[in-house]
Amino acid sequence: MYNKLKHKRIFQLNNFTVIGILVFCLSFGVRADLNQVDKVKQAVSDLKTIVHWPGEDDVSSLVSTYEGAELDKYRGQEKARYLMNKLNMHQWGNKITEFKNMVELLFSFETEAYQAENRYGVQAALHALTQFKTSINSLVTQYHPGFNLESQWLTSQYQGDGITIAVIDVFEPALLDKQRTHYPQAHIEPVQAFGNPVSLNHGNSVIDVILTIAPHATIVPISAEAKTYNQAMTYLLTRNDVLIVNMSRGFAEKEGELDTTFATLLKKTLVSKIVIKSLGNTGTDLDGSVTPLRQRLGLSDTGNLFAYDLQLIKTFVSSVEYEKYASNLVFAINLNTFADEVALSATIPGQNNLVAYQSFGIPAEAVYSWATDNYESGSSFAAPQLTAVIALLLQAEQQKAGQFTYGIERIVGALKQTARCSVLDSSESGLGLVNGDKALTFLVNP
């Protein structure tokens, strides 16, 4: 298990957060006592009654699972696997948050008089659920193995100073303001919005992951919806200072095919920038066949709405196969927390070697996000880990040469040359696992 100092560095928890978690954990002990569990049960029951909740809820089943969990049976790595592989406890915080959000929405539909009469009861019950979520997330934090990027030396020497990263995503603007305060050594620029994209915290969590690893980087939030992707890409081409682009989104399509204008803009972008894209969360390979893991479990695909992206990826990669800049497009495959299996929802390269040789396996099934105060999962959060490592390598290269003279292809090449072999083959984990420290050594002494 990581010692406390190392664990604190990985997850960037401030002193007050750590103290709060420890105090709360002491009040709960190894597991919540029966009185505390009963309070959570009562809170769920009260909330469902007050807001006239229709049907079942996810939180009640989580509490039942928690009561029956064999938390005292395991230690160390075995307990980590039990919590995250068996119980999927890293996902509980999000389920509790979703329940709370729905309760607040349903409560807002009631009359003002009804809300005034029941507001205290709702707030007290929500507070009990927040405490339960905190205890769950702190337990996951205690046993989480941390980022599996082999980058201890790299992160101790470089923090992303002077490196500008564009994040194409959707954001909650108010949360960006809070992140600017939370990451005082970074610089998060004003959001560049194109069209009228929805306000969601997905991009905020992506930024969290990047700044956890590269805390001094400059972030350019670019918010766009599908029909304005081309405007966003056109803007990106005007930013010569941006050398890295994180795209935890699907490619742009038009009438079911890859948008040719978008493809042209992306090709121009790759000439001077590294683009890191999440491969997806469909539970299939790029040809739509269910992953071996899901086949063994008797599962079909995930039904993910971005399944169309599979064909777009294949089309684009094929169109740039013989271009020098093709290597500047890198994909992130979502592995489980322990990097010994693909994530249950992961999209994998399958038999597409063009994509496999541009991909890295990144554990992203339980990545802590300060913005949501939860563990997030999916290839969306594999990509920013890779983005951050590339940012640190770019900083190292710039400082070594006094200026950036060798071309961005050298950075990607270093990662490819030093990738760690995976227990999975290339059809599932691409080139393998990232080794940030060896990539740094390769840059210093090829």
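The rules behind the values
- Residues numbered from 1 in each chain as written.
- Predicted model: local features only at pLDDT ≥ 70, side-chain atom pairs only at ≥ 80, totals over all residues.
- Heavy atoms only, no water.
- 1 Å grid on protein atoms, 1.4 Å probe; cavity = no way out; pocket = protein on both sides within 12 Å on 5 of 7 lines; lining within 4 Å.
- Points joined across faces, edges and corners; volume = space filled by probe spheres on them.
- Nonpolar A, V, L, I, M, F, W, Y, C, P; charged D, E, K, R; others polar.
- Axes fitted to C-alpha atoms, helices over the stretch in contact; angles between N-to-C directions.
- Helix = DSSP H or I, 4+ residues; strand = E, 2+ residues; numbered from the N terminus.
- Parallel < 35°, antiparallel > 145°, perpendicular 65-115°, else oblique.
- Left-handed = near helix turned anticlockwise from the far one by under 90°.
- Contact = heavy atoms within 4.5 Å.
- Salt bridge = Lys/Arg side-chain N within 4 Å of Asp/Glu carboxyl O.
- Buried < 20%, exposed > 50% of the residue type's maximum accessible area, 1.4 Å probe, protein only.
- Patch = residues over 30% accessible without salt bridge, like charges linked within 9 Å, V, L, I, M, F, W, Y side chains within 5 Å.
- Areas by Shrake-Rupley, 256 points an atom, 1.4 Å probe, with all protein chains shown as cover.
- pLDDT = per-residue confidence, 0-100.
- Phe/Tyr/Trp six-rings, centres within 6.5 Å; stacked < 30°, edge-to-face > 60°.
- Lys NZ or Arg CZ within 6 Å of the ring centre and 35° of its normal.

Asker: What should I look at first to understand empty space enclosed by the protein in this one?
Answerer: Where empty space is left can be seen by rolling a probe of water-molecule size over the atoms. In the structure shown here, the tally under the stated rule is two cavities of 30 Å³ or more. Estimates place the volume of the largest cavity at around 70 Å³. As for the largest cavity, its lining consists of 12 residues, of which His144, Gly146, Pro363, Ala366 and Val367 are closest to the centre. Its residues assigned to classes, the lining of the largest cavity shows seven nonpolar, four polar and one charged.

Asker: Got a minute to help me understand the packing of helix H17 (residues 409–418) against helix H19 (residues 436–444) in this structure?
Answerer: Axes are the key here: two packed helices are described by the angle between their axes and the distance separating the axes. Between H17 and H19, the least distance of the axes is 8 Å, while the angle of their chain directions is 125°. By the angle class used here, H17 and H19 are oblique. Judged by the twist between their axes, the crossing of H17 over H19 is right-handed. Touching Arg410, Ile411, Ala414, Leu415, Gln417 and Thr418 of H17 are Lys438, Ala439, Phe442 and Leu443, all from H19. Across the contact of H17 with H19, the residue classes break down as six nonpolar, two polar and two charged.

Asker: Explanation requested: the environment of Ile207 in the structure shown.
Answerer: By secondary structure assignment, the location of Ile207 is in helix H10 (residues 202–213). Taking C-alpha positions, Ile207 is 7.6 Å from Val167, a pair spaced 40 residues apart along the chain. Look past the residues within four positions of Ile207 in its chain and what remains in contact with it is Val167, Phe171, Leu176, Gln179, Ile188 and Ile219.

Asker: Teacher, can you tell me more about the environment of Ala332 here?
Answerer: Topologically, Ala332 is positioned in strand E9 (residues 329–335). With 270 residues separating them along the chain, Ala332 and Leu62 place their C-alpha atoms 30 Å apart. Look past the residues within four positions of Ala332 in its chain and what remains in contact with it is Lys277, Ser278, Leu279, Phe360, Ile362, Ser379, Ala382 and Ala383.

Asker: It is not clear to me how the layout of surface pockets should be interpreted in this structure. Could you clarify?
Answerer: Looking at the largest pocket, its volume works out to about 920 Å³. If you trace the largest pocket, you find 32 residues lining it, with Asn94, Glu98, Glu376, Ser377 and Phe381 closest to the centre. Considering every element that reaches the lining of the largest pocket, the biggest residue donor is helix H6 (residues 92–108), with five residues.

Asker: How should I be thinking about the pattern of salt bridges in this particular structure?
Answerer: Charged atoms that come close allow side chains of opposite charge to pair. Taken as a whole and judged by the stated rule, the model has 13 salt bridges. The salt bridge partner of Asp340 is Arg81, with a shortest N-O separation of 2.9 Å. Remark: Arg81 occurs in helix H5 (residues 76–86) and Asp340 occurs in the loop between E9 and helix H15 (353–356); sequence separation between them is 259 residues. Its relative accessible area of 29% is what places Asp340 among the partly exposed residues. For Asp177, the salt bridge goes to Arg180, with nearest N and O atoms at 2.6 Å. Here the residue Asp177 and the residue Arg180 both occupy positions in helix H9 (residues 173–182), the gap between them amounting to three residues, near one helical turn. Under the relative-accessibility criterion, Asp177 is labelled partly exposed at 46%. Taken together, the shared-partner salt bridges connect Glu189, Arg239 and Asp241 into one network.

Asker: It is not clear to me how unusual backbone geometry should be interpreted in this structure. Could you clarify?
Answerer: Glycine aside, residues mostly have negative phi, and peptide bonds are mostly found in the trans state. Backbone geometry at Glu255 places phi at a positive 55°, although glycine is not the residue there. The class for Glu255 is exposed, based on a relative accessible area of 77%. Within the chain, Ala339 stands out as a residue other than glycine whose phi angle is a positive 60°. Tracing the chain through its elements places Ala339 in the loop between E9 and H15. In this structure Ala339 comes out as buried when scored by relative accessible area, which is 7%.

Asker: Would you mind going over a nonpolar patch on the surface with me for this structure?
Answerer: A contiguous nonpolar patch, built from Met102, Leu105 and Phe109 and spanning about 310 Å² of accessible area, is present on the exposed surface. Of note, Met102 is situated in helix H6.

Asker: So what exactly am I meant to see when it comes to the confidence of the model for the protein here?
Answerer: Low pLDDT means the predicted coordinates in that region are not meant to be read closely. Scored by pLDDT, the protein has a mean of 91; 91% of the residues are at 70 or more. Contacts from residues 1–30, a stretch scored under 50 in pLDDT, to residues over four places away or in other chains number 43 contacts.

Asker: Before we go on, may I ask you to explain the packing of aromatic side chains in this structure?
Answerer: The description of an aromatic ring pair uses the distance of the two centres, along with the angle that the planes make with each other. Applying the stated rule across the entire model yields 11 aromatic pairs. Aromatic side chains Phe251 and Phe316 sit 5.8 Å apart centroid to centroid with 65° between the ring planes, which places their arrangement in the edge-to-face category. Of this pair, Phe251 sits in the loop between strand E5 (242–247) and strand E6 (253–254) while Phe316 sits in helix H14 (residues 309–319), and the two are 65 residues apart along the sequence. Through a chain of ring-to-ring contacts, the aromatic side chains of Tyr229, Phe251, Phe262 and Phe316 assemble into a single cluster. The ring of Phe338 carries Arg81 above its face, with NZ or CZ at 4.3 Å from the centroid. The ring of Phe251 has Lys277 sitting right over it, with the charged end atom 5.0 Å from the ring centre.

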